[in-house]
Amino acid sequence: MEIRNFIYFILLALVQSACSHAQSTKEEKMKATFQKLVTYFQSNDTSNIRTLFETENNPAYSIESEVLLKDCKLFSRIVQKYGLPQADSIKLTKGEGQENVVYATLMNKTDSSLNLKLFEFGVLFYPDRFLKNPEKILTYQFHELPVIIPEKKFIPIPKLKNNR
């Protein structure tokens, strides 16, 4: 009976180590995909950015070219001034819908020339139960905290004279 328990314990340990290895491999691939995306944003390589999107049933894939170029320019300005995120600063967490989120803080200080106090870059992947390819992203997000929130300017409408 003890030999059976021993063999059961060994098999259980092997299965657990295989599962944890598979999970760590997914995490490593998601972080590597994040780093690729950082490189593409830095070099304004919109065509390669688009290749990283999961295209099946993904509305974020149809991102406007102008928006993507604007994001690349902002990202490049921040990287030029503050540098690329270090590998150990890249974090993996779960979002509200259990999606995998890989993110890094690129800037965490007040910069009046950029009008930012904080800039984080995040990449969303499918939740674990739907994640087929950790090398394809759902979308990316910038988290920007402005120093001064711009006020919307409006043109006052002049009052019309009443002709009676």
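See the structure above.
J.: When you look at the overall build of the chain in this model, what are you seeing that I'm missing?
T.: Within the chain, the regular secondary structure consists of three helices and four strands. Looking at the 164 residues of the chain, the share that counts as buried comes to 30%. Put simply, of all contacts in the chain between residues at least 6 apart along the chain, 58% involve residues at least 24 apart. Looking at the chain as shown, the accessible area adds up to about 11900 Å², and 56% of this sits on carbon and sulfur atoms.

J.: Teacher, can you tell me more about helix α3 (residues 65-82) here?
T.: Helical geometry note: an α-helix holds 3.6 residues per turn, so side chains three or four residues apart project in the same direction. Counted at 1.5 Å a residue, the expected span for α3 with its 18 residues is 26 Å, and the 25 Å between its end C-alpha atoms agrees. If you check which residues of α3 are buried, you get Leu68, Asp71, Cys72, Leu74, Phe75, Ser76, Ile78 and Val79. Glycine 83, located one to two residues past α3, shows a positive phi value of around 85°.

J.: Sorry if this is basic, but what is going on with the nonpolar core here?
T.: Note that soluble globular proteins tend to have their nonpolar side chains buried in a common cluster. In this structure, Leu37, Phe41, Phe75, Phe119, Phe121 and Tyr140 are the most contacted members of the largest nonpolar core, which totals 31 residues. Counting residues per element, the ones that place at least two in this core are α1 (2-42), α3, β2 (99-107), β3 (116-127) and β4 (139-146). Beyond its immediate chain neighbours, meaning those up to four positions away, phenylalanine 121 contacts Phe34, Leu37, Val38, Phe41, Phe75, Val102, Tyr103, Ala104, Leu106, Tyr140, Gln141 and Phe142.

J.: Can you help me understand the pattern of salt bridges in this one?
T.: Taken as a whole and assessed by the stated rule, the structure comprises two salt bridges. Notably, a salt bridge pairs lysine 81 with aspartate 111, separated by 2.9 Å at the nearest N-O pair. With lysine 81 in helix α3 and aspartate 111 in the loop between β2 and β3, the pair connects residues that are 30 residues apart, well separated along the chain. Between aspartate 128 and lysine 94 there is a salt bridge whose closest N-O contact spans 2.6 Å. Of this pair, aspartate 128 sits in the loop between β3 and β4 while lysine 94 sits in strand β1 (residues 91-94); the two residues are 34 residues apart in sequence, bridging distant segments of the chain. Judged by relative accessible area, aspartate 128 falls into the partly exposed class, the value being 26%.

J.: It is not clear to me how unusual backbone geometry should be interpreted in this structure. Could you clarify?
T.: Excluding glycine, residues mostly carry a negative phi; peptide bonds, for their part, are mostly trans. Even without a glycine there, the phi angle at asparagine 44 is positive, about 55°. Residue asparagine 44 is classed as partly exposed on the basis of its relative accessible area, which comes to 36%. One non-glycine residue with positive phi stands out, namely asparagine 115, at about 55°. Structurally, asparagine 115 can be placed in the loop between β2 and β3. The exposure class of asparagine 115 is partly exposed, given its relative accessible area of 24%.

J.: What exactly am I supposed to notice about the pairing of β1 here?
T.: Working note: regular strand, side chains alternate between the two faces of the sheet. When β1 meets β2, the two strands line up antiparallel, connected through four bridges. Within β2, the residue paired with lysine 91 across the bridge is tyrosine 103. Linking two consecutive strands that pair antiparallel, namely β1 and β2, is a turn of four residues; a positive phi of about 65° is found at glutamine 98 within it.

J.: For this particular structure, what's the right way to read the environment of leucine 52?
T.: Following the sequence through the fold, leucine 52 ends up in the loop between α2 (46-51) and α3. For leucine 52, a relative accessible area of 6% puts it in the buried group. Separated by 85 residues in the primary sequence, leucine 52 and isoleucine 137 place their C-alpha atoms 6.0 Å from one another. Apart from the residues lying within four places of it in its own chain, the contact partners of leucine 52 are Thr33, Lys36, Leu37, Tyr40, Glu135, Lys136 and Ile137.

Criteria and cut-off values
Here the residue numbering is sequential within each chain, running from 1 through the sequence in written order. The predicted nature of this model means local features are confined to residues of pLDDT at least 70 and side-chain atom pairs, given and counted, to a pLDDT of 80 or more, with totals for whole chains, interfaces and linings taken over all residues. Computation of side-chain values: all heavy atoms of the structure, hydrogens and water removed. Put simply, DSSP H or I for four residues or longer makes a helix, DSSP E for two residues or longer makes a strand, and each gets a number counted from the N terminus. Relative accessibility thresholds used throughout: buried, under 20% of the residue-type maximum; exposed, over 50%; partly exposed, between the two (1.4 Å probe, protein chains only). Any two residues whose heavy atoms approach within 4.5 Å at even a single point are treated as in contact. Per-residue and other accessible areas were derived by the Shrake-Rupley procedure at a 1.4 Å probe size, with only the shown protein chains allowed to occlude residues. Multiply 1.5 Å by the residue count of a helix minus one, and that product is the helix's expected span. In this text, buried Ala, Val, Leu, Ile, Met, Phe, Trp, Tyr and Cys residues form a nonpolar core when linked through side-chain atoms within 4.5 Å. Definition used for salt bridges: Asp or Glu carboxyl oxygen within 4 Å of a side-chain nitrogen of Lys or Arg. Two strands pair under a simple rule: DSSP has to find at least two bridges between them.

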